[in-house]
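Observations on the model geometry
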Amino acid sequence: MNITTVLGDKPVNRMGYGAMQLAGPGVFGPPRDPAAARAVLRRAVELGVDHIDTAQYYGPDVVNDLIRDALHPYPANLKLVTKVGARRDRAGKVLPAQRPDELREGVEENLRSLRVERLDLVNLRLVQTADEVAIPLEAQLSALEDMRQEGKLDLIGLSNVGQGELQVALEFVDVAEIQNGYSIIDRQDDEMVEFARAREIAFVPFFPLGSAFAGGPARLAGEAAIVKVAEKQGATPTQIALAWLLARYDRMLLIPGTGSIAHLEENMAALEIDLDAADLAVLDRVGQRDGAAR
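Let me begin by describing the structure that accompanies this report. (Residues numbered from 1 in each chain as written. Predicted model: local features only at pLDDT ≥ 70, side-chain atom pairs only at ≥ 80, totals over all residues. Heavy atoms only, no water.)

1. Quick look at the packing of aromatic side chains
- Across all of its chains, the model carries four aromatic pairs by this definition.
- Ring geometry for Tyr-182 and Phe-203: centres 5.7 Å apart, planes at 70°, overall edge-to-face. A residue pair is termed long-range when its members are at least 10 positions apart, and Tyr-182 in the loop between strand 10 (175-179) and helix 6 (190-199) and Phe-203 in strand 11 (residues 202-203) qualify at 21 residues.
- Take Tyr-182: its relative accessible area is 1%, and that puts it in the buried class.
- Among the aromatic residues, those joined into a ring-pair cluster are Tyr-182, Phe-203 and Trp-244. (Phe/Tyr/Trp six-rings, centres within 6.5 Å; stacked < 30°, edge-to-face > 60°. Helix = DSSP H or I, 4+ residues; strand = E, 2+ residues; numbered from the N terminus. Buried < 20%, exposed > 50% of the residue type's maximum accessible area, 1.4 Å probe, protein only.)

Structure (C-alpha cells):
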C-alpha cells in the first residue's frame with residue numbers, strides 16, 4: 001500500500017491529522033489543557049503528518065491559535081487545510097456563512113489566525129439553508145476562485161457535498177478534495193468515492209471511525225468481521241478501520257482527530273497494516289450489509 005499520494009498537485013502523506021477535537025466540548029471554547037493539545041500537534045508532525053485539517057470557526061479561533069502556537073514557523077512541507085462557509089454564534093451554534101463577503105472574511109480570518117499569507121487548500125463547507133436565502137453554488141465558488149487568483153489560497157475543495165453539487169462545481173473550478181463523512185460502518189458515499197476515483201480527486205473522510213450516530217469506535221469493536229481481522233493482524237479494530245479506508249482508494253487521505261498522543265500514535269501505526277485480499281473480502285461485507293439496509 002502506498003503511504004503517500006497527491007492533494008491536487010501537492011505530494012502528501014496519506015495519514016494526516018484533524019484538529020477539530022482540540023477545541024473545548026462541542027468544538028467551542030478552549031480545551032481543558034492547551035499545553036497537552038499543543039503537544040499532540042508537535043508529536044503529529046514528528047510522526048510524519050504533513051496535512052492538518054482545521055477551521056477558524058473551530059473554537060472559534062481556538063484550534064488555529066493552538067496550531068500556530070505549536071508549529072509556527074511551519075515546516076516547509078506542512079499543508080494547512082481549512083474550511084469556510086460556516087460560523088459560530090455566541091452560544092456556539094453553527095450557522096451558514098456563505099455569502100461571497102462572508103467567504104472572503106472566513107479566508108482572511110484563517111490567514112490571520114494561522115499567520116500565513118496563503119492557504120494550501122480551502123474547503124467550501126456546504127450548509128443546508130432555506131431556499132429563499134440560499135446562495136447559489138456558482139457564486140460561492142466564484143468567490144473562492146477570485147481569492148485563489150489573488151494568491152490567498154492554492155486549492156479548492158468541497159465538504160458535505162452531494163454528487164449533483166459536485167458535478168455542478170466541476171463546471172466552474174478544479175476540485176482538489178472531497179471531504180464527506182465515510183467509514184467502514186458508514187458506506188453511504190460509496191458512489192462518491194468511485195466518482196472521485198474516476199476523476200482522480202482526493203477523498204478525505206471525516207468521521208473515518210464512524211460518527212456517533214453510526215456507533216463510532218464502540219461499534220467497530222463489536223463487529224465480528226473487524227475483530228477477526230484485527231486479531232489476525234495483531235491490531236486494534238480502529239486501526240483496521242483506518243487501514244480499510246487506505247486500501248479503498250489510493251487518493252484517500254485520512255485525518256483522524258484525537259487529543260491523546262497515545263491514540264495519535266495508534267492511528268499512525270495503521271499505515272503499517274497490509275490487508276490482503278482475504279481480509280478485504282471479510283471487511284467489505286460489513287459496509288455492504290449496512291449499505292443495503294439504507
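2. Points about the side chain of Gln-56
- For Gln-56, the location among the structural elements is in the loop between strand 4 (51-53) and helix 2 (62-71).
- Not counting chain neighbours up to four residues away, the residues in contact with Gln-56 comprise Asp-61, Asn-64, Thr-82, Glu-109, Asn-110, Arg-112 and Ser-113. (Contact = heavy atoms within 4.5 Å.)

3. A few points about the packing of helix 2 against helix 3 (residues 100-114)
- It is the contact of helix 2 with helix 3, at a shortest axis distance of 8 Å, that shows an interaxial angle of 35°. Touching Asn-64, Asp-65, Ile-67 and Arg-68 of helix 2 are Asn-110, Ser-113 and Leu-114, all from helix 3.
- Of the residues in the contact of helix 2 with helix 3, the class split is two nonpolar, three polar and two charged. (Axes fitted to C-alpha atoms, helices over the stretch in contact; angles between N-to-C directions. Nonpolar A, V, L, I, M, F, W, Y, C, P; charged D, E, K, R; others polar.)

4. Re the pattern of salt bridges
- By the definition in use, this model includes 22 salt bridges.
- Residues Asp-190 and Arg-187 are paired through a salt bridge, measuring 2.8 Å at the closest nitrogen-oxygen approach.
- By relative accessible area, Arg-187 is classed as buried at 8%.
- Residue Arg-219 is joined to Glu-223 by a salt bridge in which the shortest nitrogen-to-oxygen separation is 2.8 Å.
- Judged by its relative accessible area of 24%, Arg-219 falls in the partly exposed class.
- You can call Glu-223 buried: its relative accessible area is 9%. (Salt bridge = Lys/Arg side-chain N within 4 Å of Asp/Glu carboxyl O.)

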